[in-house]
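Analysis of the macromolecular model
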Amino acid sequence: MPSTPPDATDAALQPLRAQLVDLVLRHGPAEGSQPSAIAGLHLIRANAPALPIPAVYEPGVVLVLQGRKKVVLGEEVLFYDPGHLLLVSMTSLPRGQVLEASPERPYLCVRLGCDTQLLADLLAEVGPSASDAAASCSTLNLTPVTEPLLHALLRLLQLLDTPQDQRVLAPLLQREIFYRVLTGPLGPRLRSLTQSDSATRRVARAIEQLTQRYAEPLSVDELAAAAHMSPSTLHQRFKQLTRLSPIQYQKQLRLQQARRLMLADGLDASAAAHQVGYESASQFSREYRRLFGAPPRADIEQLRGS
């Protein structure tokens, strides 16, 4: 789904975006994803375009304020920019690529994590929707950003300048942001996260098991029991939503975590492989290279150099 050219409505939102850009530049000066002082709110920055890299996208909303990004999940390709909001309805493992960024005009983005209890409370107040059954089978969803949502996001980011107000006001503004999404075109996708009998929520339970126990040997039967689905149904639904089988998903989680351990904690490849559940160092190296395009040591040296 390619992004569309700016129109009159988009131009009218530019003053709002300029204020948001200023706040992210001031409170997120370093490259990468940085947690902010507000729980669940991350500020993301890149100063140059990049090659596609495997990533972990957690449930929540993502808004680009400057620049442009491409994300690929299986055969699905999405481009998102300041005109669109990205809803991640469950933890997914796409490849992301920053397309437009420079030191003078960096790629800037904010991510707000999804609190399922907050969503459940909102859903109880908003009530059911006749369009809930029309929810598409995708974990990554785009919709045009709206002025009310940007105003709510601006007020949330402005709290970074007033720490004394964050505890009381941040939850209210997070609630408003998710309310705007819940009552918009992507409402059915967001609602499916809180409905215990929905296929999305059941697959999400299996993903929670994999995320928490990725280093353990887990069978599809165990995951199916956690999801309250038959193994065959889980396998089908899981691949439909994540574009990966449960085993492939666990493997990518392990490799992502091993990369983080080597990069952030200084572990060597052998120690990282063992910690994430690999028994064979050679198998780890082969699968790491297949996912990241280089052997563990070379990949980490390149990341540190850049």
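Here, the structure is the one placed above.
For every chain, the first residue of its written sequence is number 1, and the numbers climb from 1 along that sequence. Residue-level local features of this predicted model are given only where pLDDT is at least 70; pairs of side-chain atoms are given and counted only at 80 or more, and the full residue set underlies all totals for whole chains, interfaces and linings. By convention in this description, side-chain values take in all heavy atoms of the structure and omit both hydrogens and water.

With respect to helix α8 (residues 220-227)
Each residue is placed in one exposure class: buried if its accessible area under a 1.4 Å probe, protein chains only, is under 20% of its type's maximum, exposed if it is over 50%, and partly exposed if it falls in between. Think of it this way: any DSSP run of H or I at least four residues long counts as a helix, any run of E at least two long counts as a strand, and we number them from the N terminus. Where α8 is concerned, the buried positions are Leu-223, Ala-224 and Ala-227. Down the axis of α8, the smallest arc covering the buried residues is 100°, so these residues share one side. Facing away from the buried side of α8 by more than 90 degrees, the exposed set consists of Asp-221 and Ala-225. Where α8 is buried, its residues touch α7 (199-212), α9 (231-242) and α10 (246-265). Our arc is simply the arc of the directions from the helix axis toward the C-beta atoms. By definition, residues are in contact when any of their heavy atoms lie within 4.5 Å.

Thoughts on the environment of Val-64
Within the secondary structure, Val-64 is located in strand β4 (residues 60-66). When the C-alpha positions of Val-64 and Leu-108 are compared, they lie 6.0 Å apart, and in sequence the two are 44 residues distant. Ignoring sequence-local partners within four residues, the contact set of Val-64 consists of Tyr-80, Asp-81, Pro-82, His-84, Tyr-107, Leu-108 and Cys-109.

Here we look at the nonpolar core
The nonpolar core is taken to be a set of buried Ala, Val, Leu, Ile, Met, Phe, Trp, Tyr and Cys residues, with the residues joined through side-chain atoms within 4.5 Å. Ranked by size, the top nonpolar core spans 40 residues in total, and within it Val-61, Leu-63, Val-110, Leu-156, Leu-157, Phe-178 and Leu-190 carry the most contacts. Contributions of two or more residues to this core are made by α2 (14-27), β2 (41-46), β4, β7 (84-88), β9 (107-113), α3 (116-126), α4 (147-158) and α5 (163-182). Broken down by element, this core gets its largest block of residues, seven residues, from α4. Not counting chain neighbours up to four residues away, the residues in contact with Leu-190 comprise Leu-87, Cys-114, Leu-119, Phe-178, Val-181 and Leu-182. Grouped together as the second largest cluster of nonpolar side chains are 32 residues, Phe-238, Leu-253, Leu-255 and Val-276 included.

What to know about the sheet that holds strand β10 (residues 140-144)
Only strands joined by at least two bridges in the DSSP assignment are considered to pair. The six strands lie next to each other as β1-β2-β9-β4-β7-β10, forming an open sheet whose pairing is antiparallel. Edge positions in the sheet fall to β1 (32-35) and β10, since each of these pairs with one other strand and no more. Adjacent strand axes in the sheet meet at a mean angle of 25° when their direction is disregarded. Pairing of β1 with β2 involves four bridges; the strand directions are antiparallel. In the strand pairing of β2, Ser-33 is matched with Ile-44. Against the sheet, α2 makes contact with β1, β2, β4 and β9, and its axis sits at roughly 100° relative to β4, the strand it touches most. Between N-to-C directions, angles cover 0 to 180 degrees, with each direction set by a line fitted to C-alpha atoms, over the stretch in contact for helices. Most of the contacts of α5 go to β9, to which it runs at about 95°, and overall it touches β4, β7 and β9.

Focus: the packing of α10 against helix α12 (residues 281-292)
Between α10 and α12, the least distance of the axes is 10 Å, while the angle of their chain directions is 95°. When the axis of α10 is compared with that of α12, the two are roughly perpendicular. Along the contact surface, α10 presents Lys-251, Gln-252, Leu-255, Gln-256, Ala-258, Arg-259 and Met-262, while α12 presents Phe-284, Glu-287, Tyr-288, Leu-291 and Phe-292. Three classes are used: nonpolar for Ala, Val, Leu, Ile, Met, Phe, Trp, Tyr, Cys and Pro, charged for Asp, Glu, Lys and Arg, and polar for all others, with Gly counted as polar. Its residues assigned to classes, the contact of α10 with α12 shows seven nonpolar, two polar and three charged. By the definition adopted for this analysis, an angle is roughly parallel if under 35 degrees, roughly antiparallel if over 145, roughly perpendicular if from 65 to 115, and oblique otherwise.

Concerning the side chain of Thr-242
Structurally, Thr-242 can be placed in helix α9. For Thr-242, a relative accessible area of 1% corresponds to the buried category. Within 3.5 Å is the distance limit for a polar contact, defined as a pair of N or O atoms, with the added protein rule that one can donate a hydrogen and the other accept it, and that residues adjacent in sequence qualify only through two side-chain atoms. A distance of 2.8 Å separates a polar atom in the side chain of Thr-242 from the backbone oxygen of Phe-238. Among the polar contacts made by the side chain of Thr-242, one reaches the main-chain carbonyl oxygen of Leu-244 at a distance of 3.0 Å. Residue contacts for Thr-242: discarding those within four places in its chain leaves Leu-73, Met-90, Ile-207 and Tyr-249.

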